[in-house]
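These are the residues of each chain, in order.
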Amino acid sequence: MPPFSPPFSPSVCDSVVAALRAAGCVFAEDEAGLILAAARTPQELSGLVDRRVSGLPLELVLGWAEFRGLRITVEPGVFVPRRRTEFLVEQALAQAPRASVVVDLCCGSGAVGTALATALGDIELHAADIDPAAVRCARRNVAGVGGHVHAGDLYEALPADLRGRIDILAANVPYVPTGEVALLPAEARDHEPLVALDGGGDGLDVLRRVAVEAPRWLAPGGCLLVETSEAQAPAAVEAFTGSGLTARLATDDERYANVVIGIRP
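Given the structure is predicted, the values throughout are model-derived calculations rather than measurements.

Let's shift gears to the sheet that holds strand E3 (residues 101–105). Taken together, the seven strands give an open sheet; going across it, the order is E5-E4-E3-E6-E7-E9-E8, and neighbouring strands pair in mixed fashion. Bordering the open sheet on either side are strand E5 (148–151) and strand E8 (246–252), each of which pairs with just one other strand. Going from strand to strand, the sheet's axes swing by 20° on average, the running direction of each strand aside.

Written out as structure tokens, the structure is:
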């Protein structure tokens, strides 16, 4: 069959919307528009719709996620950046608008680092993750902003010469308590890596590890920013202050975002 280029016929569009709605997609019309725009042939369209109907997150169906106006490449097995995490980026830019050295720790797709570098301009950007799939994906995203991606466990992955030089240390750590992982929506529970979700008994195991080492890596006046939940925020702030950082909590009720910000005195 010869290629069948979009736009597809109204009846095809309606059938896609109907299939997505029947599968429980709340924003069926919006998702249908994105899927129809991505498909080049009827066969490709059918495959994309089938993958979405089966429960695969829309971003993995499309191969990208929108984050602060950027198209961030995402791949199966990689954590999909959330729109609420845009608040973390906004807080970082407000705290350190002239930052020149930025690190995206627990980087996943590298969305946070890519967004920060895009906003700040000519900076030194490093990203790191323990998951090989995330490292591969992040390298695709940060290449366009001249960033470097390292594989390893938190600070162990970073070049030693970054110690004491980091202006913005953004760490979107896993913070779901182990006992609550099974309660997550199926899209996250079934399609995203456990290492990007499970934060230990109270959800703060990785956050504490990041906080305790941060003063050794931050430049004077440099900031650490970590996303957490509303219930965990007091304990997260305590972990920051316990490591010697001056800490405060920033919240965005509209996006259900809670970001703990720590400054090295």
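Next comes the rest of the write-up.
Let's shift gears to the pairing of E3. With five of its five residues buried, E3 lies for the most part within the structure. Residue alternation in E3 divides its side chains into two sets, Val-101, Val-103 and Leu-105 and Val-102 and Asp-104, and both sets are buried. One ladder, built from five bridges, connects E3 with strand E4 (residues 124–129); its direction is parallel. Counted as the bridge partner of Val-102 is Leu-125 from E4. Taken together, E3, helix H6 (residues 111–120) and E4 form a β-α-β motif whose crossover is right-handed. Of the strand pairs in this sheet, E3 and strand E6 (residues 166–171) are connected by four bridges, and their pairing is parallel. Looking across to E6, one finds that Val-102 is bridged to Ile-168.

A few words now on the environment of Glu-124. Structurally, the position occupied by Glu-124 is in strand E4. What makes Glu-124 partly exposed here is its relative accessible area of 27%. Taking the C-alpha atoms as reference points, Glu-124 and Val-102, separated by 22 residues in sequence, lie 6.2 Å from one another. Contacts of Glu-124, omitting those with residues within four sequence positions, involve Ser-100, Val-101, Val-102, Leu-162 and Arg-165. Within the structure, the side chain of Glu-124 is placed 3.1 Å from the side chain of Arg-165, a separation counted as a polar contact.

This brings us to the nonpolar core. Formed by 33 residues in total, the largest nonpolar core has its most connected members in Val-102, Leu-116, Ile-168 and Leu-225. When residues of this core are traced back to their parent elements, those giving at least two are helix H5 (86–95), H6, E4, helix H7 (132–142), E6, strand E7 (218–228) and strand E9 (257–263). The biggest single contributor to this core is H6, with six residues. Dropping the residues within four chain positions of it, Ile-168 is found in contact with Ala-92, Ala-96, Ala-99, Val-101, Val-102, Val-103, Leu-116, Leu-120, Cys-223 and Leu-225. Listed in part, the 29 residues of the second largest apolar core include Val-103, Ala-157, Leu-169 and Leu-245.

About the criteria used
- Residues numbered from 1 in each chain as written.
- Predicted model: local features only at pLDDT ≥ 70, side-chain atom pairs only at ≥ 80, totals over all residues.
- Heavy atoms only, no water.
- Pairing = 2+ DSSP bridges.
- Helix = DSSP H or I, 4+ residues; strand = E, 2+ residues; numbered from the N terminus.
- Axes fitted to C-alpha atoms, helices over the stretch in contact; angles between N-to-C directions.
- Buried < 20%, exposed > 50% of the residue type's maximum accessible area, 1.4 Å probe, protein only.
- Right-handed = clockwise from strand over helix to strand, strands pointing away.
- Contact = heavy atoms within 4.5 Å.
- Polar contact = N/O pair within 3.5 Å; in protein donor to acceptor, adjacent residues only side chain to side chain.
- Core = buried A, V, L, I, M, F, W, Y, C linked by side-chain atoms within 4.5 Å.

Limitation: the analysis is restricted to geometry and does not speak to function.
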